[in-house]
Amino acid sequence: MEKIKKCINSYPIYNYKSIIKKIERYKCVSFDVYDTLLKRDVGKPDDIFNILSARFGYDFVKLRKNSESNLKRRSKQEITLKEIYTNMVGEKIELNNECEIITNDIADALMNLELQIEKEYTTQNYEIKKVYDWCVDNRKKILIISDMYLPESFIREVLKSNGYTTYKNIYVSCEYGKTKATKELYKIVMENENICSSDLIHIGDSKIGDWLSAKRCGISTVNIARYKKNCRYIKKKDLEKNYVLYNFINNRICLQDTVIKKVGYEVYGPLLYCFSNWIIEKTNPKKTVLLFSRDCYVVSKAIKIICEEYGVNYDKYKYFMASRKSLTTPALKNDFTIKKVKQILKSASKEFTIKEYLSFLGIYVDEVKKILDTLNIKENDIIVRDNLENDTRIAMLDSEISRIVNEKSYNQYNGFLKYWNKLMVNESFQVVDIGWRCTMQKSLEELLDIKIEGFYFGVREDSLVSDEYSEGLYLNHENDIDKRTFLATCIAVFEKFFTAPYPSVCGYDDNGNILYECLVEKNDDYNKSVMEQLHEGALSFVKDYSKIGKQNEITVEQAVCVIKRFGTNPLKDDLDFFGKQDFSTGSKVIKVANPNKLVDYLFKPKELYREFVDCPWKIGFLKKLLGLRLPYYNILKSIYRRK
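We now turn to the structure provided with this report. Computed from a predicted model, the values in this text were never measured in an experiment.

### Section: the nonpolar core
In globular proteins that are soluble, nonpolar side chains generally tend to be buried together. By size, the foremost hydrophobic cluster in this structure holds 144 residues, and its most contacted members are Phe-31, Tyr-268 and Phe-457. When residues of this core are assigned to their parent elements, the largest contribution, 13 residues, is made by helix H13 (residues 259-282). Core analysis: the second largest hydrophobic core is formed by 26 residues, Leu-332, Leu-345, Leu-397 and Ile-401 among them.

And the structure:
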C-alpha cells in the first residue's frame, strides 16, 4: 500500500528531453492516446456533449451520460460508443417543439456527429509528438494503447490527421473488452506482440491505467503531467468560462517557433479574429467594403481567411490605400480655417512643434523656410493643440502659407480623384478602420460629398462622425473612463500591431499613383521582422480557430482582456522587443517605450516629461524606466480620472 501511495504522489514529468532519456534503452515504446498523444480543446470530455447538444438543437447531455453510466453498471466488459447510442433508441426527446422518438437512424446520426466534434476539438500534443518522432527516427517499435469507448477506426483516423502514422499496432479497450486499468489489456498486448515486460515502456497521463497497472505487469512507465501551462497572458478566470478558447491556445501555441510569434498567437490572435469576424457579420453583403490602409493590412488577411473557411464572398472587400494625411490635405481645399485645422489635429498630441504642424498640412519645412525666418518662428517651437485660436504665431503663419496650402490641397484632390476612379467603387460602400475619431471617414465624406457608414474597433465620444454613421466594437461613442484610460496608456499596443510593413501613404500624384511618406524608421529591418512575426502568429490563430469559431464565439471582452494584460503588465522580454520598435505619429518617429536610464533624467526633468507625454505606451515606459513591480495601470487611471 505504501508503494502505491508513493507512486500516486510522485511528480509526473512533461519535458520531452527527460522522457527521451528514460525510454532510449527500450526496444518497444507504447503511448496512451488522449491527454498523451492527443489533447482536447474542451475543458473536460463531457463538454463534447454540450457542443453536440447545441448543434443538434436538444439538450440531451443527461440522456447521453445516463446511457453510458447505465451500460457500465450492467456490463462486465468495456463498452463501445455504438452500444451507448443503441441504448438510447426508443427514448423520447423534444425536437423543434415536437416529441420525437430516437430511432436507429437518429442514434447513428448523433453518434456520427459526436465523432465529428471529437475530431474538430482534438489536436496534437506537441511536446509528446517530439518524443514520438524521436521513437520513429530511432526505429523503436511503437504501440498505441488506450482505454476508450471510441472505435479503433476513428482513433486511427484522428491520429493520422494529427501526424501519427508510423506505429506497429493499436489496442483500444472497447475493441477487446479489456482495459488497462485492470491490467488485462497490457497482457493482451504483450501476448500478441510477443514481447516481455522488460522490453516495453509505456507513456501516459493516468495514474491508475497508465502507471500503476502497467507497473503491476512489470512494465516500465513514464507518467506525464495531464496539463502543462503554455499560455503566459491568457487566464481561464478572464474568459467567462470559455475554456475552449483557453485550451485551444494552450494546446497549440507551442507550434509557434519564436516568442514574438507566440505573443501574436496568444495576445493578438483572439482580438484579430473577433474584430474581423465582427466586420464580416456587420457589413452589408451587397455593398463594397473599403479597408483603410495601413491599419487594416492584417485585418484584410484575416477576413480573407475567415471568408474562405465560412464560404463567404471576399470580393466585396477592397484594400483602400489612404491615410489621414492623404485625405485631410485635399479636404482643406476652400476651407483652410482654424476650425478645419483643429478638426484635422484632433488625433494629434496635445503639444507638437511647428515642423509637425506643417507636416499635418502636407508641407515640408524647406518649402516655407523663408516665411518662418521672416516671422521669426522656429521649426521646433512648441504649439498647444487646444490653444490654436489664441496663438498669434499660427495666425501669422496660416496667413502666409494659405496660398501654398490651397495649391497643395487642390493638387492632392485631383490626384485623389484619379486614384478613386481606378478603384471602381460604386456609390454604395462602407469603410473599416481601427478608430478612434473617424477622421479619415469624415474627410472622405467631404471629398466625395456623401454620407458613409463606418465600422471600427473603437469610436470615441468626440468622434467627427455621429453614431448614426459609425459603430465601434469595443468603444462605441460612450465616454467610458476605464476603456479610454486603457487606450490612452497603451495605444501603441493596439496601433503598432494594426499596421503594415511599408511606409504610410502621404498622397497621390497627378496620375493618381500612390505617394509614400518619407519619414523613415531608423531600425526598419527590426520593425519589419517584429511585425511580420506578430502578424504570422495572429493569422495562424485565425486560420486555426476559424474551423470551430462559429460554434465558439469570442466576445470582445474576452479578446481585450488578454491584450489588456499584455499592455498593462508585460513580461520583461516582451517589453524589450515591443518597446524598441519605432512608432510613427504622422509627423515624427518615436520609440514605443524605450526610455533612457533613470539617472540620465536627473538633470533633465523636462526631457523626461516630454518623452513620457509623447510615449504611446506609457505603462511600458514607466515599467522599463523604474524597473519596479508597481500597479502602473491603477496609478495612471487615478491620474486620468482626476483630469
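What follows continues from the structure just given.
### Some words on helix H12 (residues 243-252)
Of all the 10 residues making up H12, 9 are buried; the element is thus mostly covered by neighbouring parts of the structure. Here H12 has its buried residues at Val-244, Leu-245, Tyr-246, Asn-247, Phe-248, Ile-249, Asn-250, Asn-251 and Arg-252. In this structure, the buried residues of H12 make contact with strand S2 (38-40), strand S5 (122-124), helix H7 (126-137), H13 and helix H22 (524-545).

### Some words on H13
The end-to-end C-alpha distance of H13, which contains 24 residues, comes to 34 Å, matching closely the 34 Å that a straight helix rising 1.5 Å per residue would cover. Of all the bends in H13, the greatest reaches close to 50° and is centred on Tyr-268; the proline Pro-270 follows between one and four positions later. Of all 24 residues in H13, 20 are buried; the element is thus mostly enclosed.

### Looking at the sheet that holds strand S16 (residues 470-476)
Strand order across the open sheet formed by 5 strands is S11-S10-S14-S15-S16, with parallel pairing between neighbours. The two strands at the open ends of the sheet, each matched to only one other strand, are strand S11 (317-320) and S16. Each strand axis lies, on average, 20° off the axis of its neighbour in the sheet, ignoring direction. Across 4 bridges, strand S10 (residues 288-292) lies against S11 in parallel orientation. Considered in S11, the bridge of Leu-290 is made with Lys-318.

### Here's the deal with the sheet that holds strand S6 (residues 141-146)
Spatially, 5 strands are ordered S7-S6-S1-S8-S9 in an open sheet, and the strand pairing comes out parallel. The open sheet has two edge strands, strand S7 (169-172) and strand S9 (220-223), and neither has a second partner. If you compare each strand with its neighbour and ignore which way they point, the axes differ by 20° on average.

### Quick notes on the packing of H12 against H22
Where H12 meets H22, the closest approach of the two axes is 12 Å, and the angle between their N-to-C directions is 120°. Classed by the angle they form, the pair H12 and H22 counts as oblique. Considering the relative orientation of H12 and H22, their crossing is right-handed. Where H12 approaches H22, its residues Leu-245, Phe-248, Ile-249 and Arg-252 are matched on the opposing element by Phe-541, Asp-544 and Tyr-545. Across the contact of H12 with H22, the residue classes tally to 5 nonpolar, no polar and 2 charged.

### A closer look at the pattern of salt bridges
Inspection of the entire model under this criterion finds 40 salt bridges. Of the charged contacts, one joins Arg-156 and Glu-152 as a salt bridge, the two residues approaching to 2.9 Å between their closest N and O atoms. Of this pair, Arg-156 and Glu-152 both sit in helix H8 (residues 152-161), separated by 4 residues, roughly a single helical turn. For Glu-152, a relative accessible area of 19% puts it in the buried group. The salt bridge involving Asp-257 is made with Lys-261; its shortest N-O contact spans 2.9 Å. According to the relative accessible area criterion, Asp-257 is exposed, its value standing at 60%. A residue is classified by how much of its surface remains accessible, and Lys-261, at 11% relative accessible area, is buried.

### A short note on the side chain of Thr-328
Relative to the elements of secondary structure, Thr-328 occurs in helix H15 (residues 324-331). Sequence-distant contacts of Thr-328, defined by excluding residues within four places in its chain, comprise Ile-344, Phe-360, Thr-439 and Ser-443.

### Things to note about unusual backbone geometry
Both trends apply: most residues other than glycine have a negative phi, and most peptide bonds are in trans. Cis geometry is adopted by the peptide bond preceding Arg-294, which originates at Ser-293 and carries an omega value of -5°. Looking at the secondary structure, you find Arg-294 in the loop between S10 and helix H14 (297-310). Trp-436 follows Gly-435 through a cis peptide bond whose omega is 25°. With respect to the element layout, Trp-436 can be found in the loop between strand S14 (429-433) and helix H20 (439-448). Its identity as a non-glycine residue notwithstanding, Asn-194 has a phi of 55°, on the positive side. On the secondary structure map, Asn-194 appears in the loop between helix H10 (184-193) and strand S8 (200-204). The backbone phi angle of Asp-449 is positive, close to 55°, even though this residue is not glycine.

Calculation notes
Residues numbered from 1 in each chain as written. Predicted model: local features only at pLDDT ≥ 70, side-chain atom pairs only at ≥ 80, totals over all residues. Heavy atoms only, no water. Core = buried A, V, L, I, M, F, W, Y, C linked by side-chain atoms within 4.5 Å. Buried < 20%, exposed > 50% of the residue type's maximum accessible area, 1.4 Å probe, protein only. Helix = DSSP H or I, 4+ residues; strand = E, 2+ residues; numbered from the N terminus. Contact = heavy atoms within 4.5 Å. Expected span 1.5 Å × (residues − 1). Bend = angle between axes of the 7 residues up to and from the residue. Pairing = 2+ DSSP bridges. Axes fitted to C-alpha atoms, helices over the stretch in contact; angles between N-to-C directions. Parallel < 35°, antiparallel > 145°, perpendicular 65-115°, else oblique. Left-handed = near helix turned anticlockwise from the far one by under 90°. Nonpolar A, V, L, I, M, F, W, Y, C, P; charged D, E, K, R; others polar. Salt bridge = Lys/Arg side-chain N within 4 Å of Asp/Glu carboxyl O.

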